[in-house]
Amino acid sequence: MTFDPARWQRIDELFNILKSKREVWKQLHPGKDFPGVVILQIDQDVKAVVVKSVFQTAAFSGYPN
């Protein structure tokens, strides 16, 4: 993936990792609602557009919190 720092976008590799983790959680906890919590540790020098893309990617992959 080529990252264009001028705009938000989904980060495919992160999306695939989070989606897989969500699917495993659902298999291990059938019938329960997925909590969808992501905890991020972000360096203060990371540009806001990158942070926004990470948040957007997490939301797209089923992590609303």
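Here, the structure is the one placed above.
Residues numbered from 1 in each chain as written. Predicted model: local features only at pLDDT ≥ 70, side-chain atom pairs only at ≥ 80, totals over all residues. Heavy atoms only, no water.

**A closer look at the overall build of the protein chain**
Defined as follows: Think of it this way: any DSSP run of H or I at least four residues long counts as a helix, any run of E at least two long counts as a strand, and we number them from the N terminus. Each residue is placed in one exposure class: buried if its accessible area under a 1.4 Å probe, protein chains only, is under 20% of its type's maximum, exposed if it is over 50%, and partly exposed if it falls in between. The criterion used for residue contact is that any of the two residues' heavy atoms lie within 4.5 Å. Where accessible areas are quoted, they stem from the Shrake-Rupley method and a 1.4 Å probe; at the residue level, only the protein chains shown are allowed to cover.
Across its full length, the protein chain carries two helices and zero strands. Within the protein chain, the proportion of its 65 residues that are buried is 23%. Taking contacts inside the protein chain between residues at least 6 apart in sequence as the whole, the part at least 24 apart equals 75%. Accessible area of the protein chain: about 5100 Å², with a carbon and sulfur share of 54%.

**Focus: a nonpolar patch on the surface**
Condition: Without a salt bridge and with relative accessible area above 30%, a residue can belong to a patch; like charges are then joined within 9 Å and nonpolar side chains (Val, Leu, Ile, Met, Phe, Trp, Tyr) within 5 Å. Salt bridge criterion: a side-chain nitrogen from Lys or Arg within 4 Å of a carboxyl oxygen from Asp or Glu.
Taken together, the side chains of Leu40, Ile42, Val46 and Phe55 make up a nonpolar region of the molecular surface, amounting to roughly 330 Å² of accessible area. In this structure, Val46 sits in the loop between helix H1 (12-28) and helix H2 (48-60).

**Here's the deal with H2**
Our working definition: A helix is expected to span 1.5 Å for every residue after the first.
Under the 1.5 Å per step criterion, the end-to-end length of H2 is 18 Å for 13 residues, consistent within 8% with the ideal 18 Å. Listing the buried residues of H2 in full gives Val49, Val51, Ser53, Val54, Thr57 and Ala58. Looking at the buried side of H2, the elements it contacts are H1. Looking one or two residues beyond H2, the residue adopting positive phi is Gly62, at roughly 100 degrees.

**A word on the side chain of Ser61**
Here Ser61 shows up in the segment after H2. Among all residues touching Ser61, those that are not within four sequence positions of it are Phe15, Leu18, Lys19 and Arg22.

**Considerations on the pattern of salt bridges**
One pass over the full model with this rule turns up one salt bridge. Ionic pairing is found between Arg10 and Asp12, a salt bridge with its closest N-O pair at 3.1 Å.

Interpretation in functional terms is not warranted from these geometric data alone.
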